[in-house]
Amino acid sequence: HLISFLRFSCNIPRIKYQQLGKNIMTGIRIDGKIIAQTVKDRVKKAVSELKTQGVNPCLATVLIGNNPASATYVKNKHKACEEVGIITKDHKLDESVTQQELNHIIDELNADVSVHGILVQLPLPKHLNEFATTSRISPIKDVDGLTPHNAGLLAMKKAALVACTPSGVMEMFDHHNIDLQGK
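S.K.: An account of the overall build of the protein chain is needed here, citing residue identities and associated values.
M.R.: Tallying secondary structure elements over the protein chain gives six helices and six strands in all. Starting at the N terminus and ending at the C terminus, the protein chain contains elements arranged as β-β-β-α-β-α-β-α-β-α-α-α. Every one of the 183 residues in the protein chain was classed for burial, and the buried ones make up 32%. Excluding contacts between residues fewer than 6 apart, the proportion of contacts in the protein chain whose partners are at least 24 apart in sequence is 66%. Summing over all exposed atoms, the protein chain offers an accessible surface of approximately 11,700 Å²; the carbon and sulfur share of this is 55%.

Below, the structure is given as structure tokens:
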């Protein structure tokens, strides 16, 4: 989710904050909602192009238990996907699910050619192994970049996927041509 309002101090004077008649800081106002809409528009166009090629993008989500914050996050992912034309497959599992049952579901999603991305909502209940779970997701379908393979690529600065929040912040900087070199 993109930050809707951010003040960032940088060398591009757009808004001057004053105290006792002196400029104390310069910065720009970044409206994340506008930027988010431009990103959604780009994604919607890309999804449409994929559909003309016979590819129907699909995100599978796995939510375990009844954590209200996690449920809201997953619900918002489904809503965002719907807005841009991405199909979703929702897997809501009881908190008592075993690691073996969870592994089986992930294996099925990995093998399902109609599923292009998998999101297992974290945190997991304490009896489940987070590392074993994220490691089980196919790196090609790992939308959060949490598999050891994708985390390693990120550490080597060769990641194809970057986590949503830092990616969103960088999108805002790029949108406003803010140079972060040396900052």
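Having seen it, we continue.
S.K.: Now, about the sheet that holds strand β6 (residues 117–120): what can you tell me, with residues and values included?
M.R.: Across a sheet, strands are paired by hydrogen bonds formed along the backbone, either parallel or antiparallel in direction. Spatially, β5-β4-β6 is the arrangement adopted by the three strands of the open sheet, whose pairing is parallel. A strand with exactly one partner marks an edge of an open sheet, and here the two such strands are β5 (87–93) and β6. The average undirected angle you get between the axes of adjacent strands in this sheet is 15°. Of the pairings in the sheet, the one linking strand β4 (residues 58–64) to β5 comprises seven bridges and is parallel in character. Residue pairing across strands places L59 opposite T88, the latter belonging to β5. Sheet contacts for helix α2 (residues 68–84): β4, β5 and β6; angle to β4, the most-contacted strand, approximately 170°. Most of the contacts of helix α3 (residues 99–111) go to β4, to which it runs at about 175°, and overall it touches β4, β5 and β6.

S.K.: Would you mind going over the nonpolar core in detail, with residue names and values included?
M.R.: General note: in soluble globular proteins, nonpolar side chains tend to be found buried as a group. Among the nonpolar cores identified, the biggest contains 16 residues, and V62, I64, L93, L102, L109 and V120 are the most heavily contacted of them. Going through the elements one at a time, β4, α3 and β6 are the ones with two or more residues in this core. With residues near it in sequence (within four places) discarded, V62 still touches H91, L93, L102, I105, L109, L119, V120 and Q121. Counting residues in hydrophobic clusters, the runner-up holds seven residues, among them I28, I35, V169 and I178.

S.K.: For the pattern of salt bridges, give the residues involved together with the corresponding values.
M.R.: In the structure shown here, the tally under the stated rule is five salt bridges. Put simply, K92 and D90 hold a salt bridge, and the shortest N to O gap is 3.7 Å. Residue classification places D90 among the partly exposed residues on the basis of a relative accessible area of 38%. The residue D107 makes a salt bridge to R136 at a minimum N-O spacing of 2.8 Å. A residue pair is termed long-range when its members are at least 10 positions apart, and D107 in helix α3 and R136 in helix α4 (residues 130–136) qualify at 29 residues. For R136, a relative accessible area of 35% puts it in the partly exposed group.

S.K.: Quick one: what's the story with the pairing of β4, residue by residue and with numbers?
M.R.: Most of β4 sits inside the fold, with seven of its seven residues counted as buried. Along β4, one buried face is formed by C58, A60, V62 and I64 and the opposite face, lined by L59, T61 and L63, is buried too. The handedness of the β4 to β5 crossover, carried by α2, is right-handed. Bridge analysis of β4 against β6 gives four bridges, and the strand direction is parallel. From the neighbouring strand, T61 faces β6, where its bridge partner is L119.

S.K.: Pulling in residues and values, what's your account of helix α6 (residues 164–175)?
M.R.: The end-to-end C-alpha distance of α6, which contains twelve residues, comes to 16 Å, matching closely the 16 Å that a straight helix rising 1.5 Å per residue would cover. Positioned one or two residues after α6, N177 has a phi angle of 55°, which is positive.

Cut-offs and rules
Residues numbered from 1 in each chain as written. Predicted model: local features only at pLDDT ≥ 70, side-chain atom pairs only at ≥ 80, totals over all residues. Heavy atoms only, no water. Helix = DSSP H or I, 4+ residues; strand = E, 2+ residues; numbered from the N terminus. Buried < 20%, exposed > 50% of the residue type's maximum accessible area, 1.4 Å probe, protein only. Contact = heavy atoms within 4.5 Å. Areas by Shrake-Rupley, 256 points an atom, 1.4 Å probe, with all protein chains shown as cover. Pairing = 2+ DSSP bridges. Axes fitted to C-alpha atoms, helices over the stretch in contact; angles between N-to-C directions. Core = buried A, V, L, I, M, F, W, Y, C linked by side-chain atoms within 4.5 Å. Salt bridge = Lys/Arg side-chain N within 4 Å of Asp/Glu carboxyl O. Right-handed = clockwise from strand over helix to strand, strands pointing away. Expected span 1.5 Å × (residues − 1).

These figures come from the coordinates and say nothing about function on their own.
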